[in-house]
Amino acid sequence: MPAYQFILNGQTVSVEAPADLPLLWALRDLLGVTGPKYGCGVGVCGACTSHLDGEAFRPCIQPVSGVAGTQVTTIEGLGGPGLHPVQQAWIAEDVAQCGFCQPGQIMAAVSLLRKNLDPTDADIDAAMSDNVCRCGTYVRIRAAIKRAARVLREKAEGGTDTR
């Protein structure tokens, strides 16, 4: 069985797996990284959203062979030694109800804020439209993204790391 090496949450990992194994299963079953959730398995719900070389992607439809030599970041690797400002905002705005979709929601929000530190409601709605939350906490998700954007803008203006 072939082995694929990539950087996962800042650490180089190697996983032996069939080339067509979805990365989500390599993460969850072979590497013990369970933050990305299995929701639909076809890239529609966003529960598994993670980052591939800094861009949001869906590990449930990405073959493990396609990430060799790349950097994969899951919710576990997002905050470094502490919580990322988006994670802090999620807590402050009491976003999570059941919590199942939250890792994917947070990763999508971080991706948005890397591109736009002053998102409008329409920007947020568009960016988050591919992440489904059955609990319907969309109003709180929008508030958390705006709160995190304020924090990240302040950090950017102060010249600190905005991850």
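The structure we're discussing is the one just above.
Everything quoted here is computed from the prediction, not taken from an experiment. (Residues numbered from 1 in each chain as written. Predicted model: local features only at pLDDT ≥ 70, side-chain atom pairs only at ≥ 80, totals over all residues. Heavy atoms only, no water.)

Q: I keep staring at the overall build of the protein and nothing clicks. Help me out?
A: Helix and strand content of the protein: six helices and five strands. Listing the helices and strands of the protein from first to last along the sequence gives β-β-α-β-β-β-α-α-α-α-α. On C-alpha atoms alone, the protein measures out to a radius of gyration of 16 Å, which is about the 15 Å that the 2.2 N^0.38 rule sets for 163 residues. Dimensions of the protein along its principal axes, counting C-alpha atoms only, are 45 × 35 × 25 Å. Considering the protein as a whole, with its 163 residues, one finds that 41% of them fall into the buried category. A fraction of 57% describes how many contacts in the protein between residues 6 or more apart in sequence connect residues 24 or more apart. When the accessible surface of the protein is summed, it comes to about 8,000 Å², and 51% of that surface belongs to carbon and sulfur atoms. (Helix = DSSP H or I, 4+ residues; strand = E, 2+ residues; numbered from the N terminus. Rg over C-alpha atoms; globule rule 2.2 N^0.38 Å. Buried < 20%, exposed > 50% of the residue type's maximum accessible area, 1.4 Å probe, protein only. Contact = heavy atoms within 4.5 Å. Areas by Shrake-Rupley, 256 points an atom, 1.4 Å probe, with all protein chains shown as cover.)

Q: Can you walk me through the pairing of strand E1 (residues 3-8) in this structure?
A: Remark: a regular strand shows side chains that alternate across the two faces of the sheet. Of the two faces of E1, the one lined by Tyr4, Phe6 and Leu8 is fully buried and the one lined by Ala3, Gln5 and Ile7 carries no buried residue. Bridge count for E1 against strand E2 (residues 11-16) is six bridges, and the pairing is antiparallel. Counterpart to Leu8 in the pairing with E2 is Gln11. Taken together, E1 and the strand that follows it, E2, pair antiparallel across an intervening segment of two residues, in which Asn9 is found at a positive phi of about 50 degrees. (Pairing = 2+ DSSP bridges.)

Q: I tried to follow the pattern of salt bridges on my own but got confused; where do I start?
A: Any two side chains of opposite charge can pair, given that their charged atoms come close. Enumeration over the complete set of coordinates arrives at six salt bridges. Between Asp121 and Arg142 there is a salt bridge, with its nearest N and O atoms 3.6 Å apart. With Asp121 in helix H5 (residues 121-128) and Arg142 in helix H6 (residues 138-158), this residue pair connects regions lying 21 residues apart in the sequence. Given a relative accessible area of 27%, Arg142 falls into the partly exposed group. (Salt bridge = Lys/Arg side-chain N within 4 Å of Asp/Glu carboxyl O.)

Q: Which parts of the structure should I look at to understand the nonpolar core?
A: Nonpolar side chains in soluble globular proteins generally cluster together in the buried interior. Val86, Trp90, Ile106, Leu113, Met128 and Ile145 are the most contacted members of the largest nonpolar core, which totals 21 residues. Contributing elements (two or more residues each) for this core: helix H2 (75-78), helix H3 (85-92), helix H4 (102-115), H5 and H6. Broken down by element, this core gets its largest block of residues, seven residues, from H4. Discounting residues that sit within four places of it in the chain, Val86 has contacts with Ile106, Ala109, Val110, Leu113 and Ala148. Counting 15 residues, the second largest nonpolar core, distinct from the first, contains Ala17, Ala26, Val33 and Val64. (Core = buried A, V, L, I, M, F, W, Y, C linked by side-chain atoms within 4.5 Å.)

Honestly, that's just the spatial picture; any functional story needs more than this.
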